[in-house]
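Spelled out, the chains give:
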Amino acid sequence: VRSFRFPSFTQDDRYWINRGLDETYHPIEVAAYVQDKMEFRGMILNLGLRYDYFNPNRDWFTTRDLFNLAVDPDFDPALDPDGDQVDANGRIKYSFDNVLDKPREPVRSFHRISPRVGVSYPISEGSVLHFNYGHFYQMPPLDRFFEFGYFRPLYIVEAQMAEDAAAAAEGRQPRHIPSNNGDPERVAALSLDALKPEKTISFEVGIAQELSSVAVLNVVGFYKDVFDQTLPRVGLFDRTVFSFDPFTGRNSNVGYVSNFSGDYGDARGFEINLRTLFSDNASLDVNYSFSRATEGRATPGRVDFDSTGSATLTYDDEASRRLATELTFSRPHIFRANLFLEYPEDLGPAVARSVLGGTSASFLARYVSGRTFTYL
């Protein structure tokens, strides 16, 4: 995947400000499902079991004790008298090649078993009680699973352009452009541990009631509980990771942002549907639903690794980040009505039947209660 951002004054590949790893990978997902339907005298039972296998199929960085993967911890400042950040052994203090030299290990795979149960239970000649329960899994977005962003400040890019032009004029190789230690070239975004598959537990219970062969009324209530979500970052420096600086002997105030599993959400509500049965040529379908969808955060806003790679987690003090909030796509009230009319095949003279036969019309009305927030 190629990912580059250039300054406004050039599109030359050598002078990027941000870039990714420029690597291709092939995640593997395998699923198998078995289901059985059992019909008894007073009950219909559907049982299912799904197996999911998620293999990221990629080696990923394991370094946790450096604030910047672009650092070469073996760089020796004593062997760099001219201060160009290249010592006598050829080690460069900050560089993209240092990142590629960092150790990687295969990312763990995930195996998940998902039970599904459905029950339909007639409680009278015209009434049926039904219940569904199931577990569902999906992988988090892959752009968060292996997020990697490398940053070169603009002063480095501009100095590199000038150095390349001078080197070409003088017939020599370009020199390395040193970084400002307070704002070095660096890994600015890096996903740490493998993100877990997001899990949803779903409950649904309802009753269908026939109303004197005139209509069917179906009332359903549902609840979905979501675990191990990976919510987007809130702000530029949210979920920042700070680690050890080998040249100062303490944690750096320069860090990188990451992604974490463990956030949560839920959706709950009910739906009422009325559908007429009295005619094949005219039908009315009316539906009303009420639902709420929320999400909340349980992952840290900051992580500090010490020189041994041990982590200290800091959670948000702001309640707005920790408490469940309603999602923008939540729709408390939705009303839908559909009227369908069809010309009867046996109505009127033959001429009318030949002209109007098969003609139908449908009228749809829909009301949505609007967004869960008010625009300023």
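Up top is the structure.
Residues numbered from 1 in each chain as written. Predicted model: local features only at pLDDT ≥ 70, side-chain atom pairs only at ≥ 80, totals over all residues. Heavy atoms only, no water.

Caption draft 1: Just helix α3 (residues 154–170), in detail. With 17 residues, α3 extends 24 Å between its outermost C-alpha atoms, agreeing within 8% with the 24 Å of an ideal straight helix rising 1.5 Å per residue. Buried within α3 we find Ile156, Val157, Gln160, Glu163, Asp164 and Ala167. Looking straight down α3, one finds its buried side chains confined to an arc of 125°; they lie on one side. Downstream of α3 by a residue or two, glycine 171 has a phi angle that is positive, lying close to 70°. (Helix = DSSP H or I, 4+ residues; strand = E, 2+ residues; numbered from the N terminus. Expected span 1.5 Å × (residues − 1). Buried < 20%, exposed > 50% of the residue type's maximum accessible area, 1.4 Å probe, protein only. Arc of directions from axis to C-beta.)

Caption draft 2: Main features of a negative patch on the surface. On the surface, a cluster of negative charge is contributed by Asp280, Glu342, Glu345 and Asp346. Here glutamate 345 is to be found in the loop between β22 (333–342) and α5 (350–356). (Patch = residues over 30% accessible without salt bridge, like charges linked within 9 Å, V, L, I, M, F, W, Y side chains within 5 Å. Areas by Shrake-Rupley, 256 points an atom, 1.4 Å probe, with all protein chains shown as cover. Salt bridge = Lys/Arg side-chain N within 4 Å of Asp/Glu carboxyl O. Lys, Arg positive; Asp, Glu negative; His and termini not counted. Charge placed at Lys NZ, Arg CZ, Asp CG, Glu CD.)

Caption draft 3: Inspection of the environment of valine 187 at higher detail. Tracing the sequence through the fold places valine 187 in strand β10 (residues 186–190). By relative accessible area, valine 187 is classed as buried at 0%. Along the chain, valine 187 and valine 71 lie 116 residues apart, while their C-alpha atoms are 9.5 Å from each other. With sequence-adjacent residues up to four places away left out, valine 187 is seen in contact with Asn68, Leu69, Ala70, Val99, Phe148, Gly149, Tyr150, Gly255 and Tyr256. (Contact = heavy atoms within 4.5 Å.)

Caption draft 4: Main features of unusual backbone geometry. A positive phi angle is found at serine 213, which is not glycine, with a value near 60°. Looking at the secondary structure, you find serine 213 in the loop between β11 (198–211) and β12 (215–229). Judged by relative accessible area, which is 48%, serine 213 ranks as partly exposed. The backbone phi angle of arginine 239 is positive, close to 55°, even though this residue is not glycine. Residue placement: arginine 239 occurs in the loop between β12 and β13 (240–242).

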